[in-house]
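# Per-entry structural report
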Amino acid sequence: MDSGLVALLVDSFPKILIPGLVVTLPLALVSFACALVIAVATALVQYANVPVLKHVARLYIWIVRGTPLFVQLYLVYFGLPDLGIMLDSLPTAVIVLSVNTGAYAAETMRAALESVPAGQLEAGYCVGMSYLQVIRRIVLPQAFRTAFPPLSNELISLVKDTSLVASILVAEMFRAAQEIVSREWVTMPIYLEVAAIYLLFSTVLTWLQRMGERALARHGMGRG
(Lines give C-alpha, C1' and ligand atoms only; values in the text may rest on other atoms or scores of the structure.)
Protein backbone atom coordinates (compact mmCIF):
# COMPACT_ATOMS: atom_id res chain seq x y z
CA MET A 1 0.00 0.00 0.00
CA ASP A 2 1.19 3.48 -0.86
CA SER A 3 2.84 5.18 2.13
CA GLY A 4 0.93 8.40 1.43
CA LEU A 5 -2.37 6.53 1.57
CA VAL A 6 -1.38 4.82 4.80
CA ALA A 7 -0.50 8.20 6.31
CA LEU A 8 -3.84 9.61 5.16
CA LEU A 9 -5.78 6.71 6.71
CA VAL A 10 -3.88 7.00 9.98
CA ASP A 11 -4.52 10.75 10.06
CA SER A 12 -8.20 10.43 9.11
CA PHE A 13 -9.04 7.63 11.56
CA PRO A 14 -9.35 9.84 14.69
CA LYS A 15 -11.05 12.54 12.63
CA ILE A 16 -13.80 10.02 11.83
CA LEU A 17 -13.80 8.09 15.11
CA ILE A 18 -14.10 11.13 17.41
CA PRO A 19 -17.31 12.44 15.76
CA GLY A 20 -18.54 8.87 16.00
CA LEU A 21 -17.97 8.80 19.75
CA VAL A 22 -19.18 12.32 20.55
CA VAL A 23 -21.99 12.70 18.00
CA THR A 24 -23.03 9.44 16.33
CA LEU A 25 -23.32 7.24 19.43
CA PRO A 26 -24.93 9.91 21.67
CA LEU A 27 -27.34 10.77 18.86
CA ALA A 28 -28.30 7.11 18.52
CA LEU A 29 -28.68 6.59 22.27
CA VAL A 30 -30.75 9.74 22.86
CA SER A 31 -32.95 8.97 19.86
CA PHE A 32 -33.39 5.38 21.01
CA ALA A 33 -34.39 6.47 24.51
CA CYS A 34 -37.01 8.81 23.05
CA ALA A 35 -38.12 6.07 20.65
CA LEU A 36 -38.68 3.69 23.57
CA VAL A 37 -40.99 6.20 25.25
CA ILE A 38 -42.93 6.59 22.01
CA ALA A 39 -43.00 2.83 21.43
CA VAL A 40 -44.26 1.95 24.92
CA ALA A 41 -46.97 4.61 24.81
CA THR A 42 -48.08 3.55 21.32
CA ALA A 43 -48.04 -0.14 22.22
CA LEU A 44 -49.98 0.40 25.46
CA VAL A 45 -52.66 2.38 23.63
CA GLN A 46 -53.17 -0.57 21.28
CA TYR A 47 -52.90 -3.15 24.05
CA ALA A 48 -55.55 -1.35 26.11
CA ASN A 49 -57.70 -0.97 22.97
CA VAL A 50 -58.36 2.73 23.58
CA PRO A 51 -60.95 3.48 20.85
CA VAL A 52 -59.72 6.66 19.13
CA LEU A 53 -56.08 6.60 20.19
CA LYS A 54 -55.68 3.05 18.92
CA HIS A 55 -56.50 4.19 15.38
CA VAL A 56 -54.19 7.19 15.72
CA ALA A 57 -51.39 4.84 16.80
CA ARG A 58 -52.02 2.50 13.88
CA LEU A 59 -52.03 5.47 11.47
CA TYR A 60 -48.72 6.73 12.89
CA ILE A 61 -47.11 3.30 12.52
CA TRP A 62 -48.47 2.87 9.00
CA ILE A 63 -47.20 6.24 7.77
CA VAL A 64 -43.75 6.06 9.38
CA ARG A 65 -43.04 2.45 8.46
CA GLY A 66 -44.30 3.04 4.93
CA THR A 67 -42.03 5.97 4.09
CA PRO A 68 -38.21 6.09 3.89
CA LEU A 69 -36.23 7.59 6.75
CA PHE A 70 -34.29 9.69 4.24
CA VAL A 71 -37.52 11.26 2.97
CA GLN A 72 -38.71 11.89 6.53
CA LEU A 73 -35.49 13.77 7.29
CA TYR A 74 -35.94 15.97 4.23
CA LEU A 75 -39.61 16.61 4.97
CA VAL A 76 -38.81 17.91 8.45
CA TYR A 77 -35.55 19.75 7.75
CA PHE A 78 -36.33 21.24 4.33
CA GLY A 79 -40.13 21.04 4.29
CA LEU A 80 -41.16 22.56 7.62
CA PRO A 81 -39.50 25.93 6.85
CA ASP A 82 -42.19 26.35 4.17
CA LEU A 83 -44.68 26.36 7.07
CA GLY A 84 -42.59 28.80 9.08
CA ILE A 85 -41.09 26.12 11.35
CA MET A 86 -37.29 26.24 11.50
CA LEU A 87 -35.31 23.49 13.21
CA ASP A 88 -31.56 23.05 13.49
CA SER A 89 -30.07 19.92 12.00
CA LEU A 90 -29.33 18.11 15.28
CA PRO A 91 -32.82 18.51 16.83
CA THR A 92 -34.26 17.46 13.47
CA ALA A 93 -32.13 14.32 13.52
CA VAL A 94 -33.21 13.43 17.07
CA ILE A 95 -36.89 13.99 16.32
CA VAL A 96 -36.96 12.07 13.05
CA LEU A 97 -34.82 9.17 14.27
CA SER A 98 -36.93 8.91 17.43
CA VAL A 99 -40.25 8.96 15.58
CA ASN A 100 -39.00 6.52 12.95
CA THR A 101 -37.51 4.00 15.36
CA GLY A 102 -40.47 4.42 17.71
CA ALA A 103 -42.84 3.16 15.03
CA TYR A 104 -40.83 -0.04 14.53
CA ALA A 105 -40.22 -0.55 18.24
CA ALA A 106 -43.94 -0.02 18.95
CA GLU A 107 -44.79 -3.14 16.98
CA THR A 108 -42.15 -5.08 18.88
CA MET A 109 -43.54 -3.87 22.20
CA ARG A 110 -47.13 -4.58 21.17
CA ALA A 111 -46.27 -8.17 20.33
CA ALA A 112 -44.34 -8.51 23.59
CA LEU A 113 -47.28 -7.14 25.62
CA GLU A 114 -49.67 -9.53 23.95
CA SER A 115 -47.36 -12.46 24.72
CA VAL A 116 -47.91 -12.05 28.48
CA PRO A 117 -50.43 -14.74 29.55
CA ALA A 118 -53.86 -13.35 30.45
CA GLY A 119 -53.84 -15.44 33.60
CA GLN A 120 -51.10 -13.27 35.05
CA LEU A 121 -53.25 -10.18 34.65
CA GLU A 122 -56.14 -11.94 36.38
CA ALA A 123 -53.81 -12.97 39.20
CA GLY A 124 -52.79 -9.34 39.66
CA TYR A 125 -56.42 -8.26 39.89
CA CYS A 126 -57.08 -11.04 42.40
CA VAL A 127 -54.48 -9.66 44.82
CA GLY A 128 -56.04 -6.22 44.66
CA MET A 129 -53.86 -4.49 42.05
CA SER A 130 -55.33 -1.77 39.84
CA TYR A 131 -55.01 -1.91 36.05
CA LEU A 132 -52.06 0.47 36.05
CA GLN A 133 -50.32 -1.52 38.79
CA VAL A 134 -50.79 -4.74 36.82
CA ILE A 135 -49.32 -3.10 33.73
CA ARG A 136 -46.39 -1.59 35.62
CA ARG A 137 -45.52 -4.50 37.90
CA ILE A 138 -46.47 -7.56 35.87
CA VAL A 139 -46.98 -6.88 32.17
CA LEU A 140 -44.26 -4.36 31.30
CA PRO A 141 -41.34 -6.17 33.02
CA GLN A 142 -42.15 -9.39 31.17
CA ALA A 143 -42.77 -7.57 27.91
CA PHE A 144 -39.40 -5.78 28.09
CA ARG A 145 -37.68 -9.09 28.74
CA THR A 146 -39.34 -10.63 25.68
CA ALA A 147 -38.66 -7.55 23.56
CA PHE A 148 -35.01 -7.15 24.59
CA PRO A 149 -33.41 -8.96 21.60
CA PRO A 150 -35.44 -7.23 18.87
CA LEU A 151 -35.14 -3.86 20.60
CA SER A 152 -31.37 -4.34 20.77
CA ASN A 153 -31.40 -5.01 17.04
CA GLU A 154 -33.34 -1.78 16.54
CA LEU A 155 -30.60 0.10 18.41
CA ILE A 156 -27.90 -1.43 16.23
CA SER A 157 -29.85 -0.50 13.10
CA LEU A 158 -30.33 3.01 14.47
CA VAL A 159 -26.58 3.49 14.91
CA LYS A 160 -26.14 2.66 11.21
CA ASP A 161 -29.11 4.81 10.20
CA THR A 162 -27.46 7.87 11.75
CA SER A 163 -25.29 8.00 8.63
CA LEU A 164 -28.33 9.40 6.81
CA VAL A 165 -28.35 12.56 8.93
CA ALA A 166 -25.16 13.64 7.16
CA SER A 167 -27.58 14.70 4.41
CA ILE A 168 -28.93 17.45 6.69
CA LEU A 169 -25.43 18.56 7.75
CA VAL A 170 -25.20 16.90 11.16
CA ALA A 171 -21.49 16.65 11.96
CA GLU A 172 -21.47 12.91 12.75
CA MET A 173 -18.77 10.52 11.56
CA PHE A 174 -20.10 9.85 8.06
CA ARG A 175 -20.23 13.58 7.47
CA ALA A 176 -16.64 13.77 8.67
CA ALA A 177 -15.69 11.07 6.17
CA GLN A 178 -17.45 12.95 3.36
CA GLU A 179 -15.50 16.09 4.18
CA ILE A 180 -12.20 14.20 4.08
CA VAL A 181 -13.12 12.66 0.72
CA SER A 182 -14.05 16.04 -0.75
CA ARG A 183 -10.77 17.51 0.50
CA GLU A 184 -8.36 14.68 -0.32
CA TRP A 185 -10.05 13.17 -3.39
CA VAL A 186 -9.58 9.67 -1.98
CA THR A 187 -12.87 7.79 -1.98
CA MET A 188 -12.78 4.03 -1.50
CA PRO A 189 -10.20 3.83 1.33
CA ILE A 190 -11.93 6.54 3.41
CA TYR A 191 -15.38 5.03 2.99
CA LEU A 192 -13.99 1.60 3.83
CA GLU A 193 -12.49 3.13 6.95
CA VAL A 194 -15.80 4.64 8.07
CA ALA A 195 -17.55 1.35 7.26
CA ALA A 196 -15.04 -0.44 9.50
CA ILE A 197 -15.84 1.96 12.36
CA TYR A 198 -19.58 1.37 11.94
CA LEU A 199 -18.83 -2.36 11.98
CA LEU A 200 -16.82 -1.90 15.18
CA PHE A 201 -19.71 -0.06 16.87
CA SER A 202 -22.21 -2.69 15.73
CA THR A 203 -19.97 -5.51 16.92
CA VAL A 204 -19.59 -4.01 20.39
CA LEU A 205 -23.36 -3.45 20.64
CA THR A 206 -24.01 -7.02 19.47
CA TRP A 207 -21.61 -8.28 22.15
CA LEU A 208 -23.42 -6.23 24.78
CA GLN A 209 -26.74 -7.54 23.51
CA ARG A 210 -25.61 -11.14 23.93
CA MET A 211 -24.37 -10.38 27.44
CA GLY A 212 -27.76 -8.91 28.26
CA GLU A 213 -29.59 -11.91 26.82
CA ARG A 214 -27.46 -14.31 28.87
CA ALA A 215 -28.09 -12.25 32.01
CA LEU A 216 -31.84 -12.30 31.37
CA ALA A 217 -31.73 -16.04 30.73
CA ARG A 218 -29.93 -16.65 34.02
CA HIS A 219 -32.38 -14.41 35.84
CA GLY A 220 -35.30 -16.26 34.28
CA MET A 221 -33.88 -19.62 35.25
CA GLY A 222 -33.32 -18.38 38.81
CA ARG A 223 -36.94 -17.25 39.11
CA GLY A 224 -38.20 -20.52 37.72
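Residues numbered from 1 in each chain as written. Predicted model: local features only at pLDDT ≥ 70, side-chain atom pairs only at ≥ 80, totals over all residues. Heavy atoms only, no water.

### A closer look at the overall build of the protein chain
- Looking only at helices and strands, the protein chain has 8 helices and 0 strands in total.
- When the helices and strands of the protein chain are read in sequence order from the N terminus, they spell out α-α-α-α-α-α-α-α.
- Within the protein chain, buried positions represent 38% of all 224 residues.
- Restricting to contacts in the protein chain with at least 6 residues of sequence separation, those with at least 24 account for 76%.
- Counting every atom, the protein chain has about 12,400 Å² of accessible surface; 69% of that belongs to carbon and sulfur.
- Charged side chains of the protein chain number 15 positive and 14 negative; the gap between the two group centres comes to 14 Å. (Helix = DSSP H or I, 4+ residues; strand = E, 2+ residues; numbered from the N terminus. Buried < 20%, exposed > 50% of the residue type's maximum accessible area, 1.4 Å probe, protein only. Contact = heavy atoms within 4.5 Å. Areas by Shrake-Rupley, 256 points an atom, 1.4 Å probe, with all protein chains shown as cover. Lys, Arg positive; Asp, Glu negative; His and termini not counted. Charge placed at Lys NZ, Arg CZ, Asp CG, Glu CD.)

### Some details on the packing of aromatic side chains
- Counted under the stated rule, the structure contains 4 aromatic pairs.
- Taking 4.8 Å as the distance between ring centres and 80 degrees as the angle between the ring planes, the aromatic pair formed by Tyr77 and Phe78 counts as edge-to-face.
- Measuring from ring centre to ring centre gives 5.8 Å for Phe174 and Tyr191, while their planes differ by 25 degrees; the resulting arrangement is stacked. On the criterion of sequence distance, the pair formed by Phe174 in helix α7 (residues 173-184) and Tyr191 in helix α8 (residues 188-223) is long-range, its members being 17 residues apart.
- Judged by relative accessible area, which is 23%, Phe174 ranks as partly exposed.
- Here a set of aromatic residues connected by ring pairs shows up, and it is made of Phe70, Tyr74, Tyr77 and Phe78. (Phe/Tyr/Trp six-rings, centres within 6.5 Å; stacked < 30°, edge-to-face > 60°.)

### Brief notes about a nonpolar patch on the surface
- A cluster of nonpolar side chains, contributed by Leu83, Ile85, Leu87, Ile95 and Val99, occupies part of the molecular surface with about 400 Å² of accessible area.
- Within the element layout of this structure, Leu87 appears in the loop between α3 (69-79) and α4 (89-114).
- Given the relative accessible area of 31%, Leu87 is considered partly exposed. (Patch = residues over 30% accessible without salt bridge, like charges linked within 9 Å, V, L, I, M, F, W, Y side chains within 5 Å. Salt bridge = Lys/Arg side-chain N within 4 Å of Asp/Glu carboxyl O.)

### A few points about the packing of helix α1 (residues 3-47) against helix α2 (residues 51-65)
- α2 packs onto α1 with a crossing angle of 130 degrees between their chain directions and a minimal axis gap of 8 Å. Here α1 lies oblique to α2, going by the angle between them. As α1 packs across α2, the resulting crossing turns out to be left-handed. Here α1 contributes Ile38, Thr42, Val45 and Gln46 to the contact with α2, which in turn contributes Leu53, Lys54, Ala57, Arg58, Tyr60 and Ile61. (Axes fitted to C-alpha atoms, helices over the stretch in contact; angles between N-to-C directions. Parallel < 35°, antiparallel > 145°, perpendicular 65-115°, else oblique. Left-handed = near helix turned anticlockwise from the far one by under 90°.)

### As for the packing of helix α5 (residues 118-126) against helix α6 (residues 131-161)
- Two elements in contact, α5 and α6, have axes separated by 10 Å at closest approach and are oriented at 140 degrees. Here α5 lies oblique to α6, going by the angle between them. Note that α5 runs across α6; the crossing there is right-handed. Contacts between α5 and α6 pair Gln120, Leu121, Gly124 and Tyr125 from the former with Tyr131, Val134, Ile138, Val139 and Gln142 from the latter.

### Considering the pattern of salt bridges
- Under the criterion given, the structure shown has 6 salt bridges.
- Here Lys15 and Asp11 are joined by a salt bridge, their closest N and O atoms 2.9 Å apart. Of this pair, Lys15 and Asp11 are both found in helix α1, 4 residues apart, which corresponds to roughly one turn of the helix.
- Of the residues examined, Asp11 reaches a relative accessible area of 40% and is grouped as partly exposed.
- Ionic pairing is found between Arg183 and Glu184, a salt bridge with its closest N-O pair at 3.8 Å.
- Three or more residues are tied together by salt bridges with common partners; here these are Arg58, Glu107, Arg110 and Glu114.

### Section: the environment of Thr108
- By the secondary structure assignment, Thr108 is in helix α4.
- Taking the C-alpha atoms as reference points, Thr108 and His55, 53 residues apart in sequence, are found 17 Å from one another.
- Setting aside residues no more than four positions away along its own chain, Thr108 makes contact with Ala147, Pro150 and Leu151.

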